[in-house]
Every structure is written in C-alpha cells, then in structure tokens.
Amino acid sequence: MDDLQYGKRNKRGDWAPNAPIETAPFWAWPPKFLSVLKWIPEYLFPWNAFHMATTLAYWYLVIPDREVLATLSWGWALWLYAVNASAIFVFYGAIELIYYVKRKQGTRFKYNAKFPSEQPSDVFWFKSQNIDNFLRSFFISIPLWTVVEVLFLWVFANGWVPWLNWADHPVYLCVLVLLCPAIHEVHFFCIHWLMHQEPIYKWVHSVHHNSVNPSPWSSLSMHPIEGFLYHAVAFWHLIIPSNPIVALFQLHSAGFGAVNGHIGFDKLEITENTPLNSHAYAHYLHHKYFEVNYGGDGLIPLDKLFGTWHDGTREGDARMEARFEKKKARMNAKNSQTS
C-alpha cells in the first residue's frame, strides 16, 4: 500500500496521518446520528470483538470451576499465569515477529522510522529495548495481571460481591460490557495522570517512558506499581454489580489491549489491500511528547476537558506549546518567590 495516500513523511522518515484524531462522535453537538451509526462497527470490530472472543475462550476453556476458585491455591494461579504469558507471547510476539523482526511492511505507516533494535541505550537492561521490555512484561506485569485475575475470581466465587446471572440481567450486563472500554479509559486517565506527577514519575512511570519509540513488547513494560494499578481496572467490577465474565473482559481489554497504543504503526497490512487500523496514534503522541493524551483515543474526552488533548495537527502542537509556556512561567514565578 502507498502510505502517502493516507499521511505524510518528514525528513527523518517519520510518518503521520493526514486526518486529525477525533473523539467519539456521540460527544458532538448538535448530535451527528449518521456519524454515530458509522462509528459503532469501528467501536466493536476488530479490537473489542477480539477481547470478547479471548474472554469467552478463557471462561469456557481456561478458568476453573467456581468450587476451585473459592479456595486460593498455587495450582490454578500458576495455571492462569502460564496461559496469560503464553497468550501474550503468541499475540504480541506475532506482531513483533512480522512487523519488527521480518519487517513485512518496512516503515510504511510507521510513526517513527527507526526500529528499537537499531537504538541501543543504557536506560534498558542489556542496553536493549526489546530484551528489557520483554523481561519486564513477563516477569513483572503479566504476574501482576494474574494476581488481579486470581483475586477477583476468588472474591466472586466466594459470593462476597454480587454475581449477576446472565439469564436474569441480560440487558444490564450487555450494556456493562459495552461500557467496559469507557471504564478503562477513565481509570487509565486517572492513574496515568497521577503517575506523571513528581516524584511518582521519576520513581515509577519513567520505566515505561524509557520506550520513546514503543513497539509491541513495550505495551506491558512497567514498574510493578504501575503494572498492578493498570490491571486493577478489573476491580471496578467488585464495586459495580457485575459478573466475572464482564470483569474478565475488562481485564483482557487492558492486558491484550495494551498493544494498541504501542504497535508503532498506524495501519497493519494484513494483505496487500487489507489494512487493519491500530488506533495507536494518540498514545504514540503521548510517548513522543509525554504530557498529552493521558487517556485513550477520545472515547471519553477527558484530555479535552483538562486541556491535554493532542489530535496530531499543527494546531495541536500550538496548544501544547502554549500550555508548556504557561507551565514554565508558573515554575519561574514560583522559583523567583522562593529565592
């Protein structure tokens, strides 16, 4: 495919889309019903449908019976870790192998023209972003994903929170499933913004931001505190009347869905004429500029509300620079008062 039909490339070879990132159309006023109808299939397919498919596969093929879940045990906990690690290895690893190792589509649609393997750095273990990200994912974040999974399944199984039945509450639970990505976005915005405040950023979140040029293995490369808080989004279903399948979908949207913002390509060429939209640009801009797009890609426009939205345009650059100048002026004023 010719990526220049969809975007532009700068002198360094970095690609950017022509179209600005837009928030979900149901926030528009006056309402744009046709835009909402067009957006619904994009909301469901392919990513949310994929997360639900993995959720159902887990529930029927992987998750033990309720009687087993009611008692904490290393046996079923380690089983879940093994499945989680294997699934991420296959899913993330396939993307890494095809697009980063074999480089099937070269740098077409790639935001940063360089590949992480070409940029060794002392900030990473063994000076390798790929090795560092891989080890942090499999020995920090995925174990913490599993801890969250084990805890909410154990709580549900013991009846300490409501376990709503699908037969009795089909409409409510279906609506809750559709709201899971929104819950994720609000949860992620809150913890993400918090982790950008000092000294938390230096101690915790800087580990993730070492990957300025993210790739699939960067998705779950986190400090243990961030890894736990990120996956703890599933705990909202211990507060909201819910069902463990819905909580599991919430967890999969976080665990498997983390790759969306770190693929590094705007489109993945599945076949010569079949592109798959990654929806990665908003979070790529966050890795590039650090203090923009703390949430997702505009499903819940909290970044717009708090003035940290960057839509990838020159106007977005100007708004960001103006905000940085105001922040710099406030810091200078504060320093002059204390000196």
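Going by the structure above, here's the rest.
**Brief notes about the packing of aromatic side chains**
- Tallied over the full model, the rule gives 32 aromatic pairs.
- For the ring pair Phe89 and Phe134, a centre distance of 6.3 Å and an interplane angle of 80° mean the geometry is edge-to-face. Placement of the pair is Phe89 in helix H4 (residues 74–101) and Phe134 in helix H5 (residues 129–157), with a sequence separation of 45 residues.
- Relative accessible area serves as the criterion here: at 25%, Phe134 is assigned to the partly exposed category.
- With 6.3 Å between their ring centres and 15° between their planes, Tyr281 and Tyr284 make a pair best called stacked.

**Notes on the packing of helix H7 (residues 200–209) against helix H10 (residues 281–289)**
- Contact pair H7 / H10: the axes reach a minimum separation of 10 Å and the direction vectors enclose 120°. It follows from the interaxial angle that H7 and H10 lie oblique. Crossing hand, H7 versus H10: left-handed. Two secondary-structure elements touch here, H7 through His205, His208 and His209 and H10 through His283, His286 and His287.
- A class-by-class count of the residues in the contact of H7 with H10 yields no nonpolar, six polar and no charged.

**Describing the environment of Met195**
- Tracing the sequence through the fold places Met195 in helix H6 (residues 170–195).
- Expressed as a C-alpha distance, the spacing of Met195 and Val246, which sit 51 residues apart in the sequence, is 27 Å.
- Leaving out residues up to four positions away in the same chain, Met195 has contacts with Ile200, Tyr201, Val204, His205 and Glu226.

**Regarding H10**
- Most of H10 sits inside the fold, with seven of its nine residues counted as buried.
- Among the residues making up H10, those that are buried are Tyr281, Ala282, His283, Tyr284, Leu285, His286 and His287.
- In this structure, the buried side of H10 is in contact with strand E2 (15–17), H6 and H7.
- Just downstream of H10 lies Phe290, where phi reads positive at about 75°.

**What to know about the packing of H5 against helix H8 (residues 224–231)**
- In the contact formed by H5 and H8, the axes pass within 9 Å of each other and the chain directions differ by 40°. Here H8 runs oblique to H5, going by the angle between their axes. When you trace H5 past H8, the crossing you get is right-handed. Contacts from Ile140, Ser141, Leu144, Trp145, Val147 and Val148 of H5 reach H8 at Pro224, Gly227, Phe228 and His231.
- Here the residues of the contact of H5 with H8 sort into seven nonpolar, three polar and no charged.

**A look at the layout of surface pockets**
- When its volume is computed, the second largest pocket comes out at roughly 440 Å³.
- Going through the elements one at a time, strand E1 (7–9), E2, H10 and helix H12 (314–338) are the ones with two or more residues in the lining of the second largest pocket.
- Here the element with the most residues in the lining of the second largest pocket is H10; it accounts for five residues.
- Here the residues of the lining of the second largest pocket are counted per class, giving 10 nonpolar, five polar and eight charged.

**Observations regarding the environment of Asn165**
- Positionally, Asn165 belongs in the loop between H5 and H6.
- Sequence separation between Asn165 and Ser242 is 77 residues, and the spatial gap between their C-alpha atoms is 8.7 Å.
- A polar side-chain atom of Asn165 sits 2.7 Å from the main-chain amide nitrogen of Ala167.

**What to know about the pattern of salt bridges**
- As enumerated under the stated definition, the model contains eight salt bridges in all.
- Note that Asp3 and Arg9 form a salt bridge whose closest N and O atoms lie 2.1 Å from each other.
- With relative accessibility at 6%, the residue Asp3 sits in the buried group.

Cut-offs applied
- Residues numbered from 1 in each chain as written.
- Predicted model: local features only at pLDDT ≥ 70, side-chain atom pairs only at ≥ 80, totals over all residues.
- Heavy atoms only, no water.
- Phe/Tyr/Trp six-rings, centres within 6.5 Å; stacked < 30°, edge-to-face > 60°.
- Helix = DSSP H or I, 4+ residues; strand = E, 2+ residues; numbered from the N terminus.
- Buried < 20%, exposed > 50% of the residue type's maximum accessible area, 1.4 Å probe, protein only.
- Axes fitted to C-alpha atoms, helices over the stretch in contact; angles between N-to-C directions.
- Parallel < 35°, antiparallel > 145°, perpendicular 65-115°, else oblique.
- Left-handed = near helix turned anticlockwise from the far one by under 90°.
- Contact = heavy atoms within 4.5 Å.
- Nonpolar A, V, L, I, M, F, W, Y, C, P; charged D, E, K, R; others polar.
- 1 Å grid on protein atoms, 1.4 Å probe; cavity = no way out; pocket = protein on both sides within 12 Å on 5 of 7 lines; lining within 4 Å.
- Points joined across faces, edges and corners; volume = space filled by probe spheres on them.
- Polar contact = N/O pair within 3.5 Å; in protein donor to acceptor, adjacent residues only side chain to side chain.
- Salt bridge = Lys/Arg side-chain N within 4 Å of Asp/Glu carboxyl O.

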